[in-house]
Amino acid sequence: MNAKSDVIIIGGGLMGLSTALHLGRRGIKAVVLEKASPGRHASGVNAGGLRQLNRHIAEIPLTVAAAEIWKNIRELVDDDCDVVLNGQVRVAESDAQLQKLQARVDAVKAQGYQHEQIIDSETLYRLVPRLVGGCVGALYNPDDGSARPFHAATAFRHKAIALGAEIRSGVEVLAIEESNDGWKLDTNQGVFSAANVVNCAGAWANCFAAMLGESVPLTPKAPTLMVTERLPPFLDLTVGAEGYQLSFKQMQNGTVIIGGAHLAKLDFEREQSVIDFATLKTSAQTVTRFFPHMAQVRIVRSWAGIEGFMPDNIPVIGKSAKAAGIFHAFGFSAHGFQLSPIVGRILSELILDGKTDLPIEPFDIRRFNESES
Amino acid sequence: MPVFRRLEEADIRWVEIQIDGQTTQAREGDSVAAALLAAGLRSCRTSPISGAPRAPFCMMGVCYECLVEVDGIPNRQSCQITVQEGMQIRRQIGTAKGYR
Amino acid sequence: MERHELIVIGGGPSGLAAATTAANAGIECLLIDEQANPGGQIYRAVGTIPEQRASLLGPDYNYGRKLVDQFNQSSASYLPGTTLWNLNSQREIGILRDGQASLISADRIIIATGAMERPVPFPGWTLPGVMSAGAGQILLKSSGLVPAQGVVLAGVGPLLLLLAWQYLHAGVKIHAILDMSPSGNIWRALPHLPGALLAHHYILKGLRYQMQLKMAGVKFFSGVTEFHAVGGDLLEAVEFTHRGGRKRIDTHLLLSHFGVIPDSHLSRCAGCDHTWDANQLCWRPVADKWGNSSVDGIAIVGDGSGIGGAVAARHAGRIAGFEAARALGRMDEKQRDDAAREDQGWMRDDLRVRPFLEARFHPPAELLSAPPDETVVCRCEEINAGAIRTAIHAGHKDANQVKFLTRCGMGPCQGRQCDNAVSQIVARELGDKKMISGGYRIRPPIRPLTIEQLAALDEGADPK
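Residues numbered from 1 in each chain as written. Chains lettered and ligands numbered in written order. Predicted model: local features only at pLDDT ≥ 70, side-chain atom pairs only at ≥ 80, totals over all residues. Heavy atoms only, no water.

(A) Structural detail: the pairing of strand β22 (residues 326–330) of chain A. All names here are of chain A. Taken across its five residues, β22 has five buried, putting it largely inside the fold. Relative to β22, strand β21 (residues 316–319) is paired through four bridges, and the arrangement is antiparallel. Paired with Lys319 across the bridge in β22 is Phe327. In this structure, the hairpin formed by β21 and β22 is closed by a connection of six residues, where Gly325 is found at a positive phi of approximately 85°. (Buried < 20%, exposed > 50% of the residue type's maximum accessible area, 1.4 Å probe, protein only. Helix = DSSP H or I, 4+ residues; strand = E, 2+ residues; numbered from the N terminus. Pairing = 2+ DSSP bridges.)

(B) Highlighting the interface of chain C and chain A. Counting residues at the interface gives 32 residues for chain C, matched by 36 residues for chain A. Buried area between chain C and chain A, both sides added, is near 3100 Å², and the carbon and sulfur share of it is 58%. Broken down residue by residue, the surface that chain C buries against chain A is led by Phe404, Ile451 and Leu454 of chain C, which jointly contribute 21%. For the pair chain C and chain A, the number of links is three salt bridges. Between Glu92 of chain C and Lys265 of chain A there is a salt bridge; the shortest N-O distance is 3.7 Å. Put simply, chain C and chain A have 16 residue pairs in polar contact (both at pLDDT 80 or more) between them. Of all the secondary-structure elements, those providing two or more residues to the side of chain C that touches chain A are β4 (83–87), α16 (399–406), β23 (449–450) and α18 (451–455) of chain C. Residue classes in the side of chain C that touches chain A are distributed as 14 nonpolar, ten polar and eight charged. In the sheet, strand β19 (residues 298–304) of chain A pairs with β23 of chain C via two bridges, with the strands oriented antiparallel. Among the inter-strand pairings, Ile299 of chain A is bridged to a residue of β23 of chain C, identified as Leu449 of chain C. (Contact = heavy atoms within 4.5 Å. Buried area = accessible area lost by both parts, 1.4 Å probe. Salt bridge = Lys/Arg side-chain N within 4 Å of Asp/Glu carboxyl O. Polar contact = N/O pair within 3.5 Å; in protein donor to acceptor, adjacent residues only side chain to side chain. Nonpolar A, V, L, I, M, F, W, Y, C, P; charged D, E, K, R; others polar.)

(C) Highlighting the nonpolar core. All names here are of chain C. Grouped together as the largest cluster of nonpolar side chains are 111 residues, with contacts concentrated most on Leu178, Phe227 and Leu254. Looking at which domains feed residues into this core, each of domain 1 (2–116 + 261–331) and domain 2 (119–258) gives three or more. When neighbours within four sequence positions are excluded, Leu254 is seen to be in contact with Phe122, Gly129, Val130, Met131, Val152, Ala154, Phe227, Ala229, Leu235 and Val238. (Core = buried A, V, L, I, M, F, W, Y, C linked by side-chain atoms within 4.5 Å. Domains from an automatic or database assignment.)

(D) Structural context of the packing of helix α1 (residues 14–25) of chain A against helix α10 (residues 340–353) of chain A. Residue and element names in this part refer to chain A. Here α1 crosses α10 at 55°, and the two axes come no closer than 7 Å. Taken together, the axes of α1 and α10 are oblique relative to one another. Here α1 runs over α10; the crossing is right-handed. For the pair formed by α1 and α10, the contact residues are Leu14, Met15, Ser18, Thr19, His22 and Leu23 on the first element and Ser340, Pro341, Val343, Gly344, Arg345, Leu347, Ser348, Ile351 and Leu352 on the second. Within the contact of α1 with α10, the residues separate by chemical class into eight nonpolar, six polar and one charged. (Axes fitted to C-alpha atoms, helices over the stretch in contact; angles between N-to-C directions. Parallel < 35°, antiparallel > 145°, perpendicular 65-115°, else oblique. Left-handed = near helix turned anticlockwise from the far one by under 90°.)

(E) Structural detail: the pattern of salt bridges. By the definition in use, this model includes 47 salt bridges over all chains. Close ionic contact of Asp419 of chain C with Arg268 of chain C constitutes a salt bridge, the shortest N to O distance being 2.9 Å. Of the two residues, Asp419 of chain C sits in helix α17 (residues 419–430) while Arg268 of chain C sits in helix α10 (residues 265–269), which places them 151 residues apart along the sequence. In this structure, Asp419 of chain C and Arg268 of chain C share a single accessibility class: buried. Salt bridges here are not isolated pairs; linked through shared partners, they connect Arg45, Arg54 and Glu65 of chain B together with Arg379 and Glu382 of chain C.

(F) Molecular detail of the packing of aromatic side chains. Within the structure shown, the criterion is met by 16 aromatic pairs over all chains. Ring geometry for Phe248 of chain A and Phe291 of chain A: centres 4.2 Å apart, planes at 10°, overall stacked. Remark: Phe291 of chain A occurs in the loop between α9 (277–290) and β19 and Phe248 of chain A occurs in strand β15 (residues 247–250); sequence separation between them is 43 residues. Here the two residues Phe248 of chain A and Phe291 of chain A agree in accessibility, since each one is buried. An angle of 70° between the planes, with centres 5.4 Å apart, marks the rings of Phe221 of chain C and Phe240 of chain C as edge-to-face. One end of the pair, Phe221 of chain C, is in strand β12 (residues 220–222); the other, Phe240 of chain C, is in strand β14 (residues 235–242), and 19 residues separate them in sequence. Neither Phe221 of chain C nor Phe240 of chain C differs from the other in exposure class; each is buried. One aromatic cluster is present, formed by Trp70, Phe156 and Phe337 of chain A through successive ring pairs. Over the aromatic face of Trp204 of chain A sits the side chain of Lys35 of chain A, whose NZ or CZ is 4.0 Å from the ring centroid. The aromatic ring of Phe220 of chain C is capped on one face by Lys214 of chain C, whose charged end is 5.2 Å from the ring centroid. (Phe/Tyr/Trp six-rings, centres within 6.5 Å; stacked < 30°, edge-to-face > 60°. Lys NZ or Arg CZ within 6 Å of the ring centre and 35° of its normal.)

(G) The arrangement of the interface of chain B and chain C in detail. At the junction of the two partners, chain B supplies 38 residues and chain C supplies 48 residues. Across the chain B to chain C interface the summed buried area is about 3700 Å²; carbon plus sulfur atoms make up 56%. Taken together, chain B and chain C are joined by three salt bridges. Between Arg53 of chain C and Glu9 of chain B there is a salt bridge, with its nearest N and O atoms 2.8 Å apart. Breaking the side of chain B that touches chain C down by element, the ones donating at least two residues are β1 (4–6), α1 (32–38) and β5 (53–54) of chain B. Pairing of β1 of chain B with strand β9 (residues 145–147) of chain C, which is carried by three bridges, proceeds in the antiparallel orientation. Its bridge partner lying in β9 of chain C, Arg6 of chain B is registered against Leu145 of chain C.

Such coordinate-based values are descriptive only and should not be taken to indicate function.
Set out below in structure tokens:
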């Protein structure tokens, strides 16, 4: 086949679907090429954290803008994506840790943002009554929360389709070349061409960037999540801890999702991850440290999603440095879920207006060239 | 009236267990699920989703319908646990209200 | 990490035979079993059962004693009462014993986890009072429990007749036996009869059971369709269509059975390739004639690699034991071939009856892939067939996507009870005759593990 469109998006994860959706809102029908099925990897199986708390300073303008969209996500995708906004805390066990978190709040405030605050231990135990005794306080954002990622990916997909996007599953991009009126993509399902191409290929994004001669130091990794049996409700907030790899929350169905970027062993070529229980042992110890009542709770499943990590743990977002009409959004380093609605908007603006109001300079792909020279 | 009865066999050795606080006898070597059925119980828990009663189904550890509380620990597969003298077994009833 | 030359998983006929054979060839071998005593499901409790009850179960059952004796006399070590919660492609095994979780590994692994009954969702199958026929047999074997107020046996497969025959001898009232195999099965089975006659004892046994049951006045209904278990909170009756009319039989106990399928949870967790078996209507691991799976060093034998019954399983176990001896350097290829030849011959003969049995007891396709919308398919999460179809038609084109969206297969049984049905519903709705859409990906722990047990995991770190 030989199909022509205005915009081709490589990758049917949340970033790609969100970009297709935002383009659709402005009357542009994008084609999304997904090599497996939409939301198959990190987008569909992540922890669903809607976290502004403790992000890289460069991401703050984006995360705050994204939070506004999540608050009224139904207006964007006609579905609530099971969003729950009960707050997130990052617990401190010592005064030294709390001081570090206070310095963080001061730095954020200096940028003009008010969404992070320090709470004392009394407030903390009111919010998280089952937390182990002895914690001195926490970093807190009452507006954070979570959503169900596969539901979100599904809702974004349905809305993108309703606005005219076409989602093609099982299409793998093999090569790209410039043509008279844009770009020609050679795939296992024929040739696709478009004036603009967006690289939202997640852990596989570097393969595509390399085809354009702008390869980046992206590392595919597979962070693990565990889920427990259903428990009576005991926790409304998402809990992290300073100095520990912990992300801990109870879903509305009663199950508890335990994350914290503990890595599985990844066979990237075969797209298979092997859960590393010796590593998850540490995760289980962290859980029993902060929530001793969880000791006899059963873990019923663990899984890992394949995600692209950058050396500085912030993504690449923006125009290609090498080729006109090429755009990138990848390398979210396991915290892209919350950003997805705003990243789609930014890309649609870059494609249609040539610019965006949000500060994306820190995410420029050229930052890696400069460090090399 | 119980749905199951025991075959009359010689040399049966009994152990005493408690089901929902009531003392009863089980046969040595019985699984907890078998002991519950032999004691005439027709269901062992309610579904945490709808609250509908459930009972052991497969007896070989694959269906997870026979979950009960054993010696204070909930959600144990009663078909996979052998009765012990003095074992405290509780049916898991009414948990549905606890979930949102 | 504690390391063994060979670990055999499962203490049924194939596992016992594999471990015995390998140990006799000089291999250091550990057999891990979930049960407290060797025998598996088929020879369950064979070492501990009272004589009186054993005679009720028949001579086939008692053959198991010989297998157990041979295993006990071998040098293989034995870890009973051990739950296995993980196996990965690097041959690392997670076990749980007396509350202690540990990781162990082996140069070679033989999976002999056998079969499970095919879960088939029908209206009312979650009611207390509905159990599987296999459950009925386990209660008889392990605890000497039989139905007190009568029983209805329903479904497809030889186990229904065997159990009915055993119940008859135990003085149990059998209200009725409902055969749901499609009437065309007899004709589809006939071409396979010549092969089956070479293993005629199976067929004669079945006919004998049926005759004795009929003579004792047990009612048979064949060609039964639209089968429902009905009741409020508990089973009260079964209702079904027979010869064009709707019938009802009051009963407090229904034992249903739809044949057996490989228990593939472990081999799928380990990453072994599986394929859809259109004759047996189940996923089965891809394995060569020595039992080797697609994963290096992992073999799968017995009913876990495709249903062949206890006798074939025993031979397959021995064959895999010889192959383990070759792989671990105790035999060369010729020695292995010579050693295994006799078992291969016996196994071939025994398996001749299978095509006939598979055709005769082929469950009706409608029953498996087209349950009514209101039928609960995922018992744990209470997801009905209608919700699954809605998810499929909203663009979720494989079992895993349906699982992500609806939570079917995410409850405590981890998809064991709904995987087979959901894969078939998806394939039917999509017109995917070859089942390319696949089954659930199986994630560890495949048996629930507590956070405390994981936190105290003994990973046996090598002292360096």
